[in-house]
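What follows is each chain in one-letter form.
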Amino acid sequence: MAAAEPARPRRASSHRAGNGEGQDRERPGRAAPRRRSGKSGAAAAMRAAAQQLAELLGRLPDSVSSLKPTEDGWEAEVEVVELERIPDTTSVMASYRVALDEEGELISYERTRRYTRGMIDRPT
């Protein structure tokens, strides 16, 4: 049996590393993301939106379907099971729009839609 080779460290390429150099040339029409001091990253904002909405509603979120930066912080769409049914494709779901400030604190939320889990969006 041959000895396994040691793992080689991987080098991050500039287009994957997100170092900001050359990104505008590789992706025309898209500006590099703005970073303000104190502004949390997208992953932290997703977790904050889901956790804080769960505290307010008393229900665990099913998913975060969208997240976008705003002038004041972040805006997320969070999907929540409002009424569990059997089979689960008939469970009632709700979509909530959640606004977070730059530090990831929940500013506001509103339910924007209710639907059954098995329902799909129709193309417009």
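This structure is a prediction, so every number in the text was calculated from the model and none was measured.

**Q** In this structure, what is going on with the overall build of the chain? I would like to understand it.
**A** A tally of regular secondary structure across the chain gives three helices and four strands. N-terminal to C-terminal, the α/β element order of the chain is α-α-α-β-β-β-β.

**Q** Sorry if this is basic, but what is going on with the environment of R111 here?
**A** Relative to the elements of secondary structure, R111 occurs in strand β4 (residues 106-116). On the basis of relative accessible area, R111 is assigned to the partly exposed category, the value being 43%. Non-local contacts of R111, meaning those with residues more than four positions away in its chain, are made with E82, A94, S95 and Y96. Separated by 3.1 Å, the side chains of R111 and E82 make a polar contact.

**Q** Could you clarify how one ought to interpret unusual backbone geometry in this entry?
**A** Residues other than glycine predominantly adopt negative phi, and peptide bonds predominantly adopt the trans conformation. Residue P87 is bonded to the preceding I86 through a cis peptide linkage, with omega at -5°. You can see P87 is positioned in the loop between β2 (73-83) and β3 (92-101).

Conventions and cut-offs
- Numbering of residues starts from 1 in every chain and runs along the sequence as written.
- Local features in this predicted model are restricted to residues of pLDDT 70 or higher, and side-chain atom pairs are both shown and tallied only at a pLDDT of 80 or more, whereas totals for entire chains, interfaces and linings draw on every residue.
- The basis for every side-chain value is the complete set of heavy atoms in the structure, and neither hydrogens nor water enter the calculation.
- Numbering of helices and strands runs from the N terminus, with a helix taken as a DSSP run of H or I at least four residues long and a strand as a DSSP run of E at least two residues long.
- With a 1.4 Å probe rolled over the protein chains alone, any residue whose accessible area is under 20% of its type maximum counts as buried; one over 50% counts as exposed, and the rest are partly exposed.
- We call two residues in contact when some of their heavy atoms are within 4.5 Å.
- Whenever two N or O atoms come within 3.5 Å, that pair is a polar contact, provided that in protein one can donate a hydrogen and the other can accept it, and provided that, for residues adjacent in sequence, both atoms are side-chain atoms.

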